[in-house]
Amino acid sequence: MNIKGFSSAANKEKKERQQINKRHLKYGSLATGLVILFIAAVVLVNVVVTMLFDRFPITLDLTGNSIYTVSEETKNYIFGIEVPVDITVMATEDSFRGISDYTNQCSELLSSYAQYNPNITVRYKDLLSNPDFVSNYSQNLGSCDIIVELADSTHTRVKVVTLADIISVPEEYEPYLANYKQQAGGLYTHQLFNSQSLITSSNAEQALTGAIMAVTDANPITVCTLSFPGGNESDVSGLTNLLDKNGYIITSMNIQRDEIPEDVDILIIPAPKVDYTEAETEKITNWLTNGGKLGRDIIYVASPEQGKTPNLDALLYRYGITVEPKVIYETNTDYYTSVQNFTFQTLASENYRKDIGNPGLSMVIPNSRAISMRFGDTDGYNTCEALVQSSKNAVLWDMYLTDEFDEEMATERGVFSSVVLGRYKALNQETHISSFTNVIAIGSDLVVDSNVMSAPQYNNGDFFLSLINELSGKTEGVTIVPKKIKQTGVLVNDSLKNSLNLTFAVIIPIAVLAVGTFVWIRRRHR
């Protein structure tokens with residue numbers, strides 16, 4: 001027997017087994033290493049993504065109108081806030097979100113604001129658990145109210161947003177909304193209208209951003225609406241609500257009884273059906289002149305429902321404005337709706353368009369009186385400028401006539417103005433800086449109706465906000481016009497959803513399969 005030959009063969013076989021084991025160990029270690037690296041990469045990606053979601057408002061919004069997504073205008077404004085702002089919701093977060101879809105959307109917006117700017121702090125504080133908290137404020141606070149304030153511990157720059165402020169209801173229910181809010185508070189009002197399916201849209205972004213603008217504006221603009229018992233004034237809440245949501249301070253007063261406060265910047269005269277007295281118009285004139293410093297404005301809203309108002313007419317005439325007792329009708333079907341005095345008109349001036357998103361859109365001008373001007377736009381210290389005008393096919397009809405409108409009987413034809421700006425300029429001889437008194441005349445109260453002002457297909461809201469912003473010097477702001485929510489959905493963004501689906505449902509599985517196949521083939525053939 002050849003012992004030496006047998007031993008040599010055994011040694012050779014042993015070496016081959018050792019080489020195979022080494023190869024198995026080598027590729028097994030490689031596979032294990034790749035798995036470990038892959039798991040580490042997945043963990044790292046999850047950590048990074050979690051940090052990004054915590055730092056930035058990366059939400060998923062599949063709603064048709066992106067109702068959970070902050071508009072670009074608001075984003076830009078929020079990014080620019082340089083002072084600390086505290087926002088306190090008087091409820092726990094879970095209970096607040098659970099009230100309705102609208103409060104859930106509101107909470108999402110608040111989270112986005114805080115993520116966009118570290119100067120904004122949002123906290124939830126249950127009113128029942130913290131009854132002493134409200135003693136720090138002069139405002140009457142209720143459960144689920146949202147307190148927006150400068151974070152300076154003085155509580156002097158405070159704006160309260162209630163749950164009634166973050167919703168919109170049909171026009172015929174707006175008086176009920178206001179009454180319930182005043183008598184029962186925002187929470188009950190919100191729940192009542194939500195239970196009756198009477199909420200048509202969310203105004204959360206407008207209300208919240210407007211409140212932030214109001215408390216962060218170093219020089220807030222105060223707007224005061226005039227009234228008096230028996231005046232039977234028109235409803236101009238469409239205009240005042242728009243201004244309120246864009247950072248203006250809104251007040252009201254009795255012109256018969258009260259003196260106009262010195263801190264008021266703009267007066268609104270809302271189409272009183274009874275004329276002011278000479279003493280009342282003189283009170284307004286003295287306030288306007290401001291001891292020669294000027295810098296104050298009037299918004300006069302007219303209506304065909306008014307009677308004769310010679311004292312108010314005389315006040316407007318000083319600034320070159322005459323509101324005619326004649327209503328504008330259109331004869332071209334392209335320029336009116338279902339009736340000829342509900343007209344489509346266009347912007348007549350290239351000025352005051354800074355905050356208008358689409359200047360090419362028409363304005364809807366329902367049942368408007370024509371406005372005449374006795375000054376031109378270059379007539380020295382007194383000027384007048386037509387801002388909104390009809391087409392050249394318009395006609396006028398006497399508003400006191402009881403006869404039905406007859407186009408063939410109309411004698412005045414041409415272009416007529418429905419919104420006019422009258423200005424008086426004074427030059428400071430020392431500083432050579434000009435000051436102005438501005439009088440805006442609007443031919444119809446329906447022009448500033450809340451539904452018209454919020455309709456995205458018309459320019460009414462954008463135009464008046466842009467005009468008033470520029471005249472009042474409120475240049476650091478954001479135009480926020482209420483928009484209708486046309487459909488509901490789920491909080492997911494299409495593009496981001498598709499990206500995540502592609503990553504986790506396709507890319508990662510394919511990558512794992514490819515790595516596994518590669519390792520298997522290598523081990524199979526080595």
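Residues numbered from 1 in each chain as written. Predicted model: local features only at pLDDT ≥ 70, side-chain atom pairs only at ≥ 80, totals over all residues. Heavy atoms only, no water.

*Asks:* Lay out the overall build of the chain with the relevant residues and their values.
*Replies:* Helices and strands together make up the secondary structure of the chain, namely 13 helices and 19 strands. With 526 residues in all, the chain has 44% of them scored as buried. Sequence-distant contacts, at least 24 apart, represent 75% of the contacts inside the chain between residues at least 6 apart. Of the roughly 26,900 Å² of accessible surface on the chain, a fraction of 53% belongs to carbon and sulfur atoms. (Helix = DSSP H or I, 4+ residues; strand = E, 2+ residues; numbered from the N terminus. Buried < 20%, exposed > 50% of the residue type's maximum accessible area, 1.4 Å probe, protein only. Contact = heavy atoms within 4.5 Å. Areas by Shrake-Rupley, 256 points an atom, 1.4 Å probe, with all protein chains shown as cover.)

*Asks:* Got a sec to walk through the side chain of Ser-417? Specific residues and values, please.
*Replies:* One can find Ser-417 in strand β18 (residues 417-427). Judged by its relative accessible area of 6%, Ser-417 is buried. Among the polar contacts listed, one links the side chain of Ser-417 to the side chain of Gln-389, at a separation of 3.2 Å. (Polar contact = N/O pair within 3.5 Å; in protein donor to acceptor, adjacent residues only side chain to side chain.)

*Asks:* Requested: an account of the sheet that holds strand β2 (residues 120-124), with residues and values cited.
*Replies:* Strand pairing within a sheet occurs via backbone hydrogen bonds; the two strands may be parallel or antiparallel. Reading across from one edge, β2-β1-β3-β4 is the order of the four strands in this open sheet, with mixed pairing throughout. Two strands lie at the open edges of the sheet, namely β2 and β4 (158-161), each paired on one side alone. Each strand of the sheet is rotated relative to its neighbour by a mean of 15 degrees, with strand direction disregarded. Sheet topology note: the strand β3 (residues 146-150)/β4 ladder contains four bridges and is antiparallel. If you follow Glu-149 over to β4, its bridge partner there is Val-158. Sheet strands touched by helix α4 (residues 101-116): β1 (85-89), β2 and β3. Its angle to β2, the strand with the most contacts, is close to 140 degrees. This element, helix α7 (residues 204-216), spans β1, β2, β3 and β4 of the sheet and lies at about 30 degrees to β3. (Pairing = 2+ DSSP bridges. Axes fitted to C-alpha atoms, helices over the stretch in contact; angles between N-to-C directions.)

*Asks:* Tell me about helix α6 (residues 186-195), and name the residues and values.
*Replies:* Of all the positions in α6, only Gly-186, Thr-189, His-190 and Phe-193 are classed as buried. Along the axis of α6, the buried positions cluster into a sector of 100 degrees, meaning they face one direction only. Looking at the buried positions of α6, the neighbouring elements they touch are α4, β5 (167-168) and α5 (174-184). Taken from the residues just after α6, Ser-197 is the one with a positive phi, measuring 55 degrees. (Arc of directions from axis to C-beta.)

*Asks:* Tell me about the packing of aromatic side chains, and please be specific about residues and values.
*Replies:* For any pair of aromatic rings, the description rests on two quantities: the centre-to-centre distance and the angle between the ring planes. The final tally for this structure, using the stated rule, is eleven aromatic pairs. Judged by centre distance (6.3 Å) and plane angle (80 degrees), the ring pair of Tyr-180 and Phe-193 falls under edge-to-face. Separated by 13 residues along the polypeptide, Tyr-180 in helix α5 and Phe-193 in helix α6 bring together distant segments of the chain. On the accessibility criterion, Tyr-180 (35% relative accessible area) is partly exposed. The exposure class of Phe-193 is buried, given its relative accessible area of 3%. (Phe/Tyr/Trp six-rings, centres within 6.5 Å; stacked < 30°, edge-to-face > 60°.)

*Asks:* So what about the pairing of strand β8 (residues 249-254)? Which residues, and what values?
*Replies:* In terms of strand pairing, strand β7 (residues 222-227) meets β8 through six bridges, oriented parallel. Looking at β8, one finds that Cys-224 is bridged to Thr-251.

*Asks:* Residue-level account of α4, with values.
*Replies:* Because each turn of an α-helix spans 3.6 residues, side chains separated by three or four positions end up pointing in the same direction. Compared with the 22 Å implied by 1.5 Å per residue over 16 residues, the 23 Å span of α4 between its first and last C-alpha is a close match. Within α4, twelve of the 16 residues are buried, which leaves it mostly tucked inside the rest of the structure. For α4, every residue scored as buried is listed here: Tyr-102, Thr-103, Gln-105, Cys-106, Ser-107, Glu-108, Leu-109, Leu-110, Ser-112, Tyr-113, Gln-115 and Tyr-116. One side-chain oxygen of the residue at the start of α4 lies 3.2 Å from the amide nitrogen of Tyr-102, identifying that residue as Ser-100. (Expected span 1.5 Å × (residues − 1).)

*Asks:* Go over the environment of Val-160 with me, naming the residues and quoting the values.
*Replies:* Among the secondary structure elements, Val-160 is positioned in strand β4. Not counting residues within four places of it along the chain, the set of residues in contact with Val-160 comprises Gln-139, Leu-141, Asp-145, Ile-146 and Asp-165.

*Asks:* Account for the pattern of salt bridges, naming residues and giving values.
*Replies:* Within this structure, the stated rule accounts for nine salt bridges. Across the salt bridge formed by Glu-93 and Arg-97, the nearest N and O atoms sit 3.2 Å from each other. Of the two residues, Glu-93 and Arg-97 are both situated in helix α3 (residues 93-97); the distance of four residues between them amounts to about one turn of the helix. Taking the shortest distance from any N to any O, the salt bridge between Glu-350 and Arg-353 comes out at 3.7 Å. In this structure, a network of salt bridges that share partners links the residues Glu-93, Arg-97 and Glu-108. (Salt bridge = Lys/Arg side-chain N within 4 Å of Asp/Glu carboxyl O.)

*Asks:* Give me the pairing of strand β10 (residues 297-301): which residues, what numbers.
*Replies:* The buried count for β10 comes to five of five residues, which makes it a mostly enclosed element. Burial of the side chains of β10 extends over both faces: Asp-297, Ile-299 and Val-301 are buried on one face and Ile-298 and Tyr-300 on the other. Sheet topology note: the strand β9 (residues 266-270)/β10 ladder contains five bridges and is parallel. Bridge pairing links Leu-267 to Ile-298 in β10. Since β9 and β10 lie parallel, the crossover through helix α9 (residues 278-289) that links them has a hand, and here it is right-handed. (Right-handed = clockwise from strand over helix to strand, strands pointing away.)

Note that every value here comes from positions in space, so none of it alone points to a role or purpose.
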